[in-house]
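What the coordinates show
Letter by letter, the chains look like this.
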Number of protein chains: 2
Amino acid sequence: MTTPAEPLRYAILGSGAVGGLYGAMLARSGCDVHFLLHSDFEHVRENGLRIDSVLGDFVLESPQVYDSVESMPKCDVVIIALKSTRNALLDEWLPRVVADDGVVLTLQNGLDVEADVRRTIPAGRVLGGCCFLCSNKVGPGHIHHLDYGRIAFGAYQEAGVDPLRANEVGRRIEADMQSAGIDANWSDDLAKTRWRKLMWNIPFNGLSVVLDASTDRIIGSQPGRDLANQLIAEVHAGAAACGVEIDEKAIRATMEHTETMVPYDSSMRLDFLAKRPMEVEAIFGNPLRAIGDRASEIAPSISMLYQQLAFFNEAICQDA
Amino acid sequence: MTTPAEPLRYAILGSGAVGGLYGAMLARSGCDVHFLLHSDFEHVRENGLRIDSVLGDFVLESPQVYDSVESMPKCDVVIIALKSTRNALLDEWLPRVVADDGVVLTLQNGLDVEADVRRTIPAGRVLGGCCFLCSNKVGPGHIHHLDYGRIAFGAYQEAGVDPLRANEVGRRIEADMQSAGIDANWSDDLAKTRWRKLMWNIPFNGLSVVLDASTDRIIGSQPGRDLANQLIAEVHAGAAACGVEIDEKAIRATMEHTETMVPYDSSMRLDFLAKRPMEVEAIFGNPLRAIGDRASEIAPSISMLYQQLAFFNEAICQDA
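Residues numbered from 1 in each chain as written. Chains lettered and ligands numbered in written order. Predicted model: local features only at pLDDT ≥ 70, side-chain atom pairs only at ≥ 80, totals over all residues. Heavy atoms only, no water.

**Some details on the interface of chain A and chain B**
Defined as follows: Here, two residues are considered to be in contact whenever any of their heavy atoms come within 4.5 Å of each other. Buried area adds together the accessible area that both of two parts lose upon being put together, with accessible area traced by a 1.4 Å probe. We define a salt bridge as a side-chain nitrogen of Lys or Arg found within 4 Å of a carboxyl oxygen belonging to Asp or Glu. Whenever a nitrogen or oxygen atom comes within 3.5 Å of another N or O atom, the pair is scored as a polar contact, on the condition that within protein one atom can donate a hydrogen and the other can accept it, and that pairs from neighbouring residues in sequence are kept only if both atoms are in side chains. By the criteria applied, helices consist of DSSP H or I runs no shorter than four residues and strands consist of E runs no shorter than two, each listed in order from the N terminus. Under the scheme applied here, ten amino acids are nonpolar (Ala, Val, Leu, Ile, Met, Phe, Trp, Tyr, Cys and Pro), four are charged (Asp, Glu, Lys and Arg), and all others, including Gly, are polar.
In this complex, chain A contributes 24 residues to the contact, which on the side of chain B involves 24 residues. Both faces combined, the contact of chain A with chain B buries some 2,000 Å², and carbon together with sulfur accounts for 70% of it. When residues of chain A are sorted by the area they lose upon contact with chain B, M304(A), Q307(A) and F311(A) head the list and together hold 33% of the total. At the junction of chain A and chain B, the tally comes to 0 salt bridges. For the interface between chain A and chain B, the tally reads 3 residue pairs in polar contact (both at pLDDT 80 or more). Counting residues per element, the ones that place at least two in the side of chain A that touches chain B are α6 (190-210), α7 (215-219), α8 (222-241) and α13 (300-319) of chain A. Considered class by class, the residues forming the side of chain A that touches chain B number 15 nonpolar, 6 polar and 3 charged.

**Observations regarding the UniProt feature "domain: Ketopantoate reductase N-terminal" (unreviewed entry) in chain A**
Threshold: UniProt positions are given in the numbering used here, feature names are shortened, and annotations may be inferred rather than shown by experiment.
What UniProt calls "domain: Ketopantoate reductase N-terminal" (unreviewed entry) maps, in this numbering, to residues 10-157 of chain A. Across residues 10-157 of chain A one finds 20% helix and 43% strand; the C-alpha atoms that close the span lie 23 Å apart.

**Description of the side chain of Q108(A)**
Residue and element names in this part refer to chain A. Counting through the fold element by element, Q108 comes out in the loop between β7 (98-106) and α4 (114-118). There is a polar contact of 3.1 Å between the side chain of Q108 and the side chain of T106. Not counting residues up to four positions away in its chain, the partners in contact with Q108 are I80, L82, K83, S84, N87, V113, G129 and R194.

**Comments concerning the environment of D91(B)**
Residue and element names in this part refer to chain B. Note that D91 resides in helix α3 (residues 90-97). Considered as a pair, D91 and T120 are 29 residues apart in the sequence and their alpha carbons are 6.1 Å apart. Apart from residues no more than four positions distant in its own chain, D91 is found in contact with D116, R119 and T120. Polar side-chain contacts of D91 include one of 3.0 Å to the side chain of R119.

Next comes the structure, spelled out in structure tokens:
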């Protein structure tokens, strides 16, 4: 007989549409969850976290909230749900909040965002995940979860590294999440999971900004559908060029999935409309760099969309 | 000794930024010019045509104006300066206003717009031209000509057709224009002239809409420059695929030309901002169709831009 392990202590860095939702669900189910907040700190301390969700509405009355990393306890699991545009902060934050044998799970969009974590966290203790959900922060400490909710996550794959610790803690995170009502799924192939998610993010985040349209308008127009289909096929081909084989049926499935989705403004479109820096490098730049020299040939439409978004981002960052 | 020919009688269909400017310059120099107007008819009849131009400001006090084609005299030269989105009107208009041996010169943007003229006008009597200028209609009967001003025009090339009449009248138009102070240049190769113009129109009309930016902002940003360069190179390659060889130096020259241009909102951007249908088929669709089956391979960025613009045009036409 083995003694049951101590419960995991969680930190949530970035308590918005994703971190706020999953953190609140974990805390509601009894997990020890510590939330880092900034502008919403006072509001959430007084009013709690309000979750309007297709899975059921609730208010997390008295979350453990912090307005700086310095005041947080060391945690076994640090979940990153910040925008990747702010990853420079991680270099200072992670060493302060990650316990000695703790792990970091980044739920950020894009590809290779784990590399930003690895600057301060040793190999074998980094996990990454993709969230398949429609969720928006609609006000201070107020999250509206509209549709879906699945997380797929796994250990960050690095040549020559056996991620024993990441696997072990990862399986416990999966169990905690499932107990909390989160549709969490362990992935033995994080790269494949990330590329699969990019098959949605690249077309629909990108087009929603450049075409100034929600997903239903893109899907509802023939040129919009043609563009989306072309981009999805290029992500599929880009993954293959990186040695990641995805079933061809996923191309059609991504379109069908979007057709049945509620009308949705992607996170990138919300950032654009709010004049916040967009996650262009994580979602577009990193995959194109992963494809390498042949990117403009394998993925000409992604390359063009990347430059169009970079143009918009440049203007946003100059204004900021 | 030959008797001098009777002066040419001109009709201007579409008296906006291009037709209004050149028509007023021809009339000022003594040519017999008849202007078709619509919304501006009353204003121009009372106030004349006001031209603010880098070549010198003037008001054409009493132009010969008409509010319908029916009331116009038959003309030796009919200059089309309407938007090509309205070319369905030509089928009714041209037979009424073109003299028995008259010619039609279309100054519309894009490729193969002459085919719309040929539906009612016999082979050998059609000319096309490209205008290299920055000019906008800024109010009723009020044109602001900001920069440049060259016209290059020539006979519409059709297999098996010797455009004797187009060539003969074309040379007289050139002389009239030059006497009027217009930098008019005869072209023996209209297709080449049109493709050369597309090297500017495709990148800068298209990007100005999709990036929501004037030419100086596009040129002033690295991603904007990269996109423009890519598109210019694809137009050059597309021309070659259609048997039109353009000196490679034209790629660099197009960028340099735009760098020294005044900050300018392209006609397509002005249409977009005013929610008027854009000339997407003439400028993008026709060249891609001319390239044919290999268009998505030779011109992937043009293909994508075409679909993006088609998406916007669809929304404009649904609202209209």
